[in-house]
Amino acid sequence: MFNNQSLEKKRWYILSIICLINLCAGSIYAWSVLSAAAAESLSASTGTVITASDLAIAFGVANSVGPIPMIFGGAFNDKYGPRLVIMTGGLLIGLGLCGCGLASSVLEITVAYGLIFGLGLGLTYGAGISTAVKYFPDRRGLAGGLVTAAYGFSSVLVPPIAQSLTERIGIMQTFIFLGIAFGAVIMTGSIFCQRCPDNFLPNGTRINTHSTPKGQTWREMLTSPIFYPMIALLMCGAISGMMILSQAASIAKNEIGMGLAAATGAVSTIALFNMAGRLAAGFLSDSLGRIGVLLAALACTAIGLFVLMNSTHGDTMMFYFGCVLIGMSFGAFMAIYPGFTTDQFGARHAGVNYGIMFSGFSLAGLFGPILMQYMQSLGFTFAQCCMAGIAFCGLGGVFAFIYKGLAK
């Protein structure tokens, strides 16, 4: 048995701890700034020209491996709780960042950041978000929005800190410093996280038991016809955002002509609105519905890409406006999908189920940056790359309406 009144108070405390953990784990979205400095350092040490685009594979791998630890860690979390899962994830995040600081080649950074950091990120993020959503069956959108907003806010804080540290001690020592600091915070925070009871329901909460799933297993989820348009919608909604966000600093310098400091500030601004989008979308989806807010996010992404493709050298305000729209819309998908998945398939196996659903985002994280780099290598212009992103937005709209038809 559990004390319902005690858990109602404690759930906000646990939510705040998970937000702090995700603030550290979310440093992945500062990669476009970190990679630029790392590329310069590797170029100087190896005598070979290495660009941020060459290191984009590390970012792609870090995102693509996420579902593996999320699924297996989710199974452990669903049964025993998040403490050990998050602690292990924090250790791997610290080791991965420290490994980047000791790396001397693109391959070593890809292994350290893409594989080790990526596995730790999957464990930490998956256990944290599923635990938060379980504690807030009455406010799943809000809980998902707060936790993912903390995750996104890291890219507001880390870039200027990393830039300052890089100027003082160099990028490689910066990686080591961040690895030790973030690993320590995550592992300490994990001690205060605990498993949410299966039947927890805040006092006064009314949930329609006829429409609420009883807790479908991953096998049952995969046999559901609504699963496939849901995961396809997630992938389409995230891929165009990842094309831009993974190389935002380079785009600001190459397409708009910004200096390094201005490009770093642009990344932080985009991240700030990404965080705002997560908060707003999570809150609105609780009252307006998940799918309606997701459709609005697709429309905003398409508009943002259209603005970017028409931005020319020196159009700083146009660049900011387009990236802000894309960042907010990308944040909406990240905030809504944890609660959206739990709404459809139940909370009992939410850790595993969301890990599987998250593979749609991971495919976007792998495919988006690679697609951008590949199209540019073939001679496609930046505007044409934006057109490809707009096409994915349109395809996402099709999957959204397919879901709505099947859900009825």
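Residues numbered from 1 in each chain as written. Predicted model: local features only at pLDDT ≥ 70, side-chain atom pairs only at ≥ 80, totals over all residues. Heavy atoms only, no water.

**Regarding the overall build of the chain**
The number of helices and strands found in the chain is 17 helices and zero strands. The C-alpha radius of gyration of the chain comes to 20 Å, within 12% of the 22 Å expected for a compact globule of 408 residues. C-alpha atoms of the chain, sized along the principal axes, occupy 65 × 45 × 35 Å. In the chain, 85% of the contacts between residues at least 6 apart in sequence involve partners at least 24 apart. On the chain, roughly 16,000 Å² of surface is accessible, and the fraction owed to carbon and sulfur atoms is 68%. Side-chain charges of the chain comprise 19 positive and 13 negative groups, with the mean position of each set lying 15 Å from the other. (Helix = DSSP H or I, 4+ residues; strand = E, 2+ residues; numbered from the N terminus. Rg over C-alpha atoms; globule rule 2.2 N^0.38 Å. Contact = heavy atoms within 4.5 Å. Areas by Shrake-Rupley, 256 points an atom, 1.4 Å probe, with all protein chains shown as cover. Lys, Arg positive; Asp, Glu negative; His and termini not counted. Charge placed at Lys NZ, Arg CZ, Asp CG, Glu CD.)

**Remarks on the pattern of salt bridges**
Scanning the entire structure with this criterion turns up six salt bridges. Of the charged contacts, one joins Lys 134 and Asp 78 as a salt bridge, the two residues approaching to 2.5 Å between their closest N and O atoms. Here Lys 134, found in helix α6 (residues 106-135), pairs with Asp 78, found in helix α4 (residues 67-80); they are 56 residues apart in sequence, far enough to count as distant. The burial state of Lys 134 is the same as that of Asp 78; both residues are buried. Arg 140 is the partner of Asp 343 in a salt bridge, and the nearest nitrogen-oxygen pair spans 3.0 Å. Of this pair, Asp 343 sits in helix α14 (residues 316-345) while Arg 140 sits in helix α7 (residues 140-169), placing them 203 residues apart in sequence. Residue classification places Asp 343 among the partly exposed positions, given a relative accessible area of 23%. With a relative accessible area of 11%, Arg 140 lands in the buried category. (Salt bridge = Lys/Arg side-chain N within 4 Å of Asp/Glu carboxyl O. Buried < 20%, exposed > 50% of the residue type's maximum accessible area, 1.4 Å probe, protein only.)

**Quick look at the packing of aromatic side chains**
Going through the model one piece at a time under the given rule, you end up with 14 aromatic pairs. Summarising the aromatic geometry, the rings of Phe 367 and Phe 392 are spaced 6.3 Å apart at their centres and angled 80° between planes, so their arrangement reads as edge-to-face. Here the residue Phe 367 occupies a position in helix α16 (residues 359-377), and Phe 392 occupies one in helix α17 (residues 382-407), the gap between them amounting to 25 residues. Under the relative-accessibility criterion, Phe 392 is labelled buried at 19%. Grouped by ring-pair contacts, the aromatic residues Tyr 125, Tyr 151, Phe 330, Tyr 354, Phe 358 and Phe 361 constitute a single cluster. (Phe/Tyr/Trp six-rings, centres within 6.5 Å; stacked < 30°, edge-to-face > 60°.)

**As for the nonpolar core**
Grouped together as the largest cluster of nonpolar side chains are 121 residues, with contacts concentrated most on Ile 109, Tyr 113 and Tyr 337. It is helix α10 (residues 227-245) that contributes the most residues to this core, twelve residues altogether. (Core = buried A, V, L, I, M, F, W, Y, C linked by side-chain atoms within 4.5 Å.)

**A closer look at the state of the cysteines**
Per the counting criterion, the structure on display carries zero disulfides. The thiol sulfur of Cys 300 is not disulfide-bonded, and the nearest other cysteine sulfur, from Cys 393, lies at 10.0 Å. Owing to a relative accessible area of 30%, Cys 300 belongs among the partly exposed residues under this scheme. The closest cysteine sulfur to the non-disulfide-bonded Cys 386 is located on Cys 385, 7.0 Å from its own sulfur. (Disulfide = S-S within 2.5 Å.)

**Notes on α7**
In a regular helix each residue adds 1.5 Å, so 30 residues correspond to 44 Å; α7 covers 42 Å between its end C-alpha atoms and thus fits that length. The axis of α7 is deflected most strongly, by about 30°, at Val 158, and proline Pro 159 appears within four residues downstream. Taken from the residues just after α7, Gly 170 is the one with a positive phi, measuring 95°. (Expected span 1.5 Å × (residues − 1). Bend = angle between axes of the 7 residues up to and from the residue.)

**Things to note about the confidence of the model for the chain**
For the chain, per-residue confidence averages 86 on the pLDDT scale, and residues scoring 70 or more make up 96% of the total. Ranking the elements of the chain by mean pLDDT puts helix α11 (residues 248-256) last with 80 and helix α5 (residues 83-102) first with 94. (pLDDT = per-residue confidence, 0-100.)

**Side note on the environment of Tyr 113**
Here Tyr 113 shows up in helix α6. Separated by 21 residues in sequence, Tyr 113 and Leu 92 place their C-alpha atoms 9.8 Å apart. Not counting the four nearest positions on each side in its chain, Tyr 113 is found in contact with Ser 27, Ile 28, Trp 31, Ala 58, Ala 62, Gly 96, Leu 97, Cys 100 and Gly 118.

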